[in-house]
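Read off the chains here:
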Amino acid sequence: MKKVLQKVKEANKKIATLKGGIKDKILLQMAGKLENKASKIIEGNQKDLIYAEKSNLSTALMDRLLLNEKRIKDMANALREIATLKNPVGRILEGWELPNGLRIEKTAIPIGVIGIIYESRPNVTSDAAALCFKSGNVCILKGGKEAENSNRAIAQVLGEVLEENNLPKEAISLLPDYSHEGVAKLIKMDKYVDLIIPRGGEGLVRYVSENATVPVIKHDKGLCHTYIHKDADFDKAIKIAINAKCQRPGVCNAMETLIVDKEIAPKILPLLANEFMKNETILKGDEFACELIDIDKANAEDWNTEYLANILSIKTTENIDEAIAHIQKYSSGHSEAIITENYTASEKFLNEIDAACVYVNASTRFTDGSEFGFGAEVGISTNKLHARGPMGINDLTTYKFKIYGEGQIR
């Protein structure tokens, strides 16, 4: 591993200084080659799907793992979108002149070598690689064992394009050791790695955070809530709630708990239950919700569970303060939403909820780099420093101060 990381760090010197136009041209070539080599990538993915089926992976994980021509085209289009974004490197973030004549510029630069640890979704391989490349970084990627063949095929395609442009293929590298021990070694390689981004299960993120000597930006679980306030528009609320839970239940920005004001619960909960029934959603609720609709009773553990499945907990509250208190107690700091036509309530919710993304009258499913206009994201940070929410190319830079003088001494 040490030899691999030495090569990755050496590659960083070349990638960090590339001009924006050159990076964009290479990203477009990568997009085209992903589409041209789709059959080879799908061949690798089929091996992973067979392994996953034998390993009894859940339906949600199987869906995340699957690659087909459409998904590969989406991966290629994400690269094309990243290529259209403004080069994040070299931006002057601030500039000023001191009374002694010194000029100071705070300038965006690449972070360096970024290790990204993720599970199941092979499209993360191309997204993360492209975002790192666009922002002048190099990456060492550790996908899940279940996606090993898919990730290798994707990384090989991207590496070929780098070599065709006389650039080191090590700028986009896979961790050579897929084992738990491999991760344990990587997160302590602070001589070679500048940042670790773990995205995946709660256990993985906790392990990396507790054991890394390399700086970590956590991409923790998404325990997302949608709160239907007493002044909500019912049609709007039902449409948003169904989308937030059912459109894709196995992702981190899907709703896990629905909160409803007791004042409107007798009217809206039967309507919601009917729609969730059409979508085969398993519902659990508190005592008041169970009196209104025929569902199982939720226990204390349910409020703290990221199901990543078509299961939903329903909590009823007396007022907005009680709803906010419940969210603040159980939220993972990912995405939270309020449905209301009351401006005062919406502003209170926006200001008091401590999460990366806070919505008014919209689905939490929009917490996504592509939806935010970033092209893609390396993950959704639940950290507060230095990045929060969907991490795009600007969040993959740090800065340095450039100071221009004319002989000044202190």
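Here, every reference points to the structure presented above.
Procedures and definitions
- Here the residue numbering is sequential within each chain, running from 1 through the sequence in written order.
- Local features in this predicted model are restricted to residues whose pLDDT is 70 or higher, and side-chain atom pairs enter the listing and the counts only when it is 80 or higher, whereas totals over whole chains, interfaces and linings include all residues.
- Side-chain figures throughout are based on the complete set of non-hydrogen atoms in the structure, without hydrogens or water.
- Axis definition: a line fitted to C-alpha atoms, limited for helices to the stretch in contact. Angles are taken between N-to-C directions and run from 0 to 180 degrees.
- By the criteria applied, helices consist of DSSP H or I runs no shorter than four residues and strands consist of E runs no shorter than two, each listed in order from the N terminus.
- Under this scheme an angle from 65 to 115 degrees is roughly perpendicular, one under 35 degrees roughly parallel, and one over 145 degrees roughly antiparallel; angles in between are oblique.
- Take the far helix as the reference: if the near one is turned anticlockwise from it by less than a right angle, the crossing is left-handed, and if turned clockwise, right-handed.
- Whether two residues are in contact is decided by their heavy atoms, any of which lying within 4.5 Å being enough.
- Polar here means any residue other than Ala, Val, Leu, Ile, Met, Phe, Trp, Tyr, Cys and Pro, which are nonpolar, and Asp, Glu, Lys and Arg, which are charged; Gly is therefore polar.
- At least two DSSP bridges between two strands are needed for those strands to be called paired.
- Lining residues are those with an atom within 4 Å of a point, where the points come from a 1 Å grid over the protein atoms alone and group into cavities, where a 1.4 Å probe fits but cannot get out, or pockets, open sets with protein on both sides within 12 Å along at least five of seven lines.
- Grid points are joined across faces, edges and corners, and a volume is the space filled by probe spheres set on the points.
- We call a set of buried residues a nonpolar core when its members are Ala, Val, Leu, Ile, Met, Phe, Trp, Tyr or Cys and they connect through side-chain atoms within 4.5 Å of each other.
- Each residue gets one of three labels from its accessible area relative to the maximum for its type: buried under 20%, exposed over 50%, partly exposed in between, using a 1.4 Å probe on protein chains only.
- Every helix has an expected span of 1.5 Å times one less than the residues it contains.
- Polar contact criterion, stated in full: a pair of N or O atoms within 3.5 Å, where within protein one must be able to donate a hydrogen and the other to accept it, and residues adjacent in sequence count only if both atoms are side-chain atoms.
- Handedness rule for crossovers: strands pointing away from the viewer, path from the first strand over the helix to the second running clockwise, crossover right-handed.

Trainee: Hey, could you run me through the packing of helix 2 (residues 20-36) against helix 6 (residues 123-134) in this one?
Mentor: Packed helices, taken two at a time, are described by the angle their axes make and the gap between the axes. It is the contact of helix 2 with helix 6, at a shortest axis distance of 10 Å, that shows an interaxial angle of 165°. The angle between the axes of helix 2 and helix 6 places the two elements in the roughly antiparallel class. Handedness of the helix 2/helix 6 crossing: right-handed. Contacts between helix 2 and helix 6 pair K23, D24, I26, L27 and L34 from the former with S126, A130, F133 and K134 from the latter. In terms of residue class, the contact of helix 2 with helix 6 is made up of five nonpolar, one polar and three charged.

Trainee: Which parts of the structure should I look at to understand the sheet that holds strand 4 (residues 138-142)?
Mentor: Backbone-to-backbone hydrogen bonds join strands into a sheet, with any given pair of strands oriented parallel or antiparallel. Taken in spatial order, the four strands of this open sheet run 5-4-3-6, and their pairing is parallel. The sheet terminates laterally at strand 5 (172-174) and strand 6 (195-198), the two strands that pair on one side only. Pairwise comparison of adjacent strand axes, ignoring direction, gives a mean angle of 20° for this sheet. Strand direction decides the pairing type here: strand 4 and strand 5, joined by three bridges, are parallel. Its bridge partner lying in strand 5, I140 is registered against S173.

Trainee: Honestly, the layout of surface pockets in this entry has me stumped. Any pointers?
Mentor: If a probe the size of a water molecule is rolled over the atoms, the empty space left behind becomes visible. As a volume, the largest pocket reaches approximately 1100 Å³. Considering the residues around the largest pocket, the lining is formed by 43 residues, among which R121, N123, R248, V251 and D368 are closest to the centre. Elements with a contribution of two residues or more to the lining of the largest pocket: helix 4 (59-65), helix 5 (69-84) and helix 6. When residues in the lining of the largest pocket are grouped by element, the largest group, seven residues, is from helix 5. Here the lining of the largest pocket is composed, by residue class, of 13 nonpolar, 13 polar and 17 charged. Of the volumes computed, that of the second largest pocket is approximately 340 Å³.

Trainee: Which parts of the structure should I look at to understand the sheet that holds strand 7 (residues 224-228)?
Mentor: The sheet built from seven strands is open, its strands ordered 10-9-11-8-7-12-13 with parallel pairing. For this open sheet the edge positions go to strand 10 (296-297) and strand 13 (357-360), each flanked by a neighbour on one side alone. As paired strands, strand 9 (residues 282-285) and strand 11 (residues 311-317) are joined by four bridges and run parallel to one another. Across the sheet, the residue bridging to G285 is I314, located in strand 11.

Trainee: Can you walk me through the nonpolar core in this structure?
Mentor: Core analysis: the largest hydrophobic core is formed by 70 residues, its most contacted members being M30, I116, L141 and V193. Setting aside residues no more than four positions away along its own chain, L141 makes contact with I116, Y118, T125, A128, A129, I172, S173, L174 and L175. Counting 26 residues, the second-largest nonpolar core is a separate cluster that includes I242, I268, L283 and I293.

Trainee: I tried to follow the environment of G392 on my own but got confused; where do I start?
Mentor: Mapped onto the elements, G392 comes out in the loop between strand 15 (389-390) and strand 16 (397-404). For the pair G392 and S150, spaced 242 residues apart in the sequence, the C-alpha separation amounts to 23 Å. Apart from the residues lying within four places of it in its own chain, the contact partners of G392 are F374 and A376.

Trainee: Looking at this model, I keep getting lost on helix 10 (residues 234-246). Mind explaining?
Mentor: Owing to its 3.6 residues per turn, the α-helix brings residues three or four apart onto one side. Given a rise of 1.5 Å per residue, 13 residues ought to cover 18 Å, and the 18 Å separating the end C-alpha atoms of helix 10 matches this to within 8%. Turning to helix 10, its buried residues are A237, I238, I240, A241, I242, A244, K245 and C246. Contact partners of the buried residues in helix 10: strand 7, strand 8 (255-261), helix 11 (265-278), strand 11 and strand 12 (335-339). Capping the start of helix 10, D233 holds a side-chain oxygen 3.1 Å from the backbone nitrogen of D235, two or three residues further along.

Trainee: Just to check I follow, could you spell out the packing of helix 10 against helix 11 for this structure?
Mentor: Contact pair helix 10 / helix 11: the axes reach a minimum separation of 10 Å and the direction vectors enclose 40°. When the axis of helix 10 is compared with that of helix 11, the two are oblique. As helix 10 runs across helix 11, the sense of the crossing is right-handed. The segment helix 10 lies against helix 11, with F234, A237, I238, A241, I242, K245 and C246 engaging K267, I268, L271, L272, E275 and F276. Classifying every residue of the contact of helix 10 with helix 11 by side-chain character gives ten nonpolar, no polar and three charged.

Trainee: What is the right way to read unusual backbone geometry from this model?
Mentor: Negative phi characterises most residues that are not glycine, and trans characterises most peptide bonds. H386 follows L385 through a cis peptide bond whose omega is -15°. Relative to the helices and strands, H386 is located in the loop between strand 14 (380-381) and strand 15. Backbone geometry places N56, a non-glycine residue, at a positive phi of 55°. Tracing the sequence through the fold places N56 in the loop between helix 3 (38-54) and helix 4. The phi angle at E280 is positive, at roughly 60°, despite the residue not being glycine. Its location among the elements puts E280 in the loop between helix 11 and strand 9. Under the relative-accessibility criterion, E280 is labelled exposed at 66%.

Trainee: What exactly am I supposed to notice about the side chain of S173 here?
Mentor: By secondary structure assignment, the location of S173 is in strand 5. With a relative accessible area of 8%, S173 lands in the buried category.

Trainee: Explain the pairing of strand 12 to me, please; I cannot follow it from the model alone.
Mentor: Here strand 12 lies mainly inside the structure; five of its five residues are buried. Burial along strand 12 is two-sided: the face carrying S335, A337 and I339 and the face carrying E336 and I338 are both buried. As judged from the four bridges shared by strand 7 and strand 12, these two strands associate in the parallel manner. Looking at strand 12, one finds that H225 is bridged to E336. Relative to strand 13, strand 12 is paired through four bridges, and the arrangement is parallel. The partner of S335 across the bridge, within strand 13, is C357. Tracing the backbone out of strand 12, into helix 14 (residues 343-352) and back to the parallel element strand 13 gives a crossover that is right-handed.

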